[in-house]
Amino acid sequence: KGIIRNIAYVESSCSAGVFLTVRNYGLIENVYVDVEVSGVPNGYGVVGQHMNSEATDYRTVRNCVFSANVVPTATAAKEKVGLICHNGGNAYVENCYLINRNSTAVRSLATTSSWPTGCISNVTDFTSESAFLGDTSVAFPADQGWASYWKVENGKLYFNNTVVME
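Computed from a predicted structure; not experimentally measured. (Residues numbered from 1 in each chain as written. Predicted model: local features only at pLDDT ≥ 70, side-chain atom pairs only at ≥ 80, totals over all residues. Heavy atoms only, no water.)

Before we go on, may I ask you to explain the overall build of the chain in this structure?
The helix and strand inventory of the chain stands at one helix and twelve strands. Element order for the chain, N to C, with α for helix and β for strand: β-β-β-β-β-β-β-β-β-α-β-β-β. Evaluated residue by residue, the chain yields a buried proportion of 47% over its 166 residues. Counted over contacts in the chain with a minimum sequence separation of 6, partners at least 24 positions apart contribute 73%. Just so you have it, the chain exposes about 7600 Å², and 44% of that area is on carbon and sulfur atoms. (Helix = DSSP H or I, 4+ residues; strand = E, 2+ residues; numbered from the N terminus. Buried < 20%, exposed > 50% of the residue type's maximum accessible area, 1.4 Å probe, protein only. Contact = heavy atoms within 4.5 Å. Areas by Shrake-Rupley, 256 points an atom, 1.4 Å probe, with all protein chains shown as cover.)

What follows is the structure in structure tokens.
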């Protein structure tokens, strides 16, 4: 259990199959990730096994932008590999932009079954950074909990006043 908050990972790479956390039992909030992840087995990607083992405790990925090229192993099943993988109930993804640079091979939200009703809200998928930057509907409203870290201006994404995508 823990919190990953208010941090940007730029031009990162990972060959271990999962980048941010193998099992998320806590909160991931206001995080920017630009990563190439290779060697991905079933149930992994940027956030692997976003899960909950106790019905009364909630796990959340909120207000994040993940831009990833996730490359599965030859034996991985497409439905089990993605930017965020889900293996348990009461796990939430809220107000996120998922840029899946390998959408032909993996899903943005991967699962072995369907996500429970109400667990996904305000999540938008893109297949390229240029599509994300060119979409005029991309916004970071404070009433949805987005921190003031985020803005898109002149075709660039800023995190804490630093260009992280252009």
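Quick question: what am I supposed to make of the pattern of salt bridges here?
Any two side chains of opposite charge can pair, on the condition that their charged atoms come close. Summed over the entire model, instances satisfying the criterion amount to eight salt bridges. The closest approach of N and O atoms between glutamate 29 and arginine 62, which form a salt bridge, is 3.1 Å. Remark: arginine 62 occurs in strand S4 (residues 59-62) and glutamate 29 occurs in strand S2 (residues 27-40); sequence separation between them is 33 residues. Ionic pairing is found between arginine 62 and glutamate 94, a salt bridge with its closest N-O pair at 3.6 Å. (Salt bridge = Lys/Arg side-chain N within 4 Å of Asp/Glu carboxyl O.)

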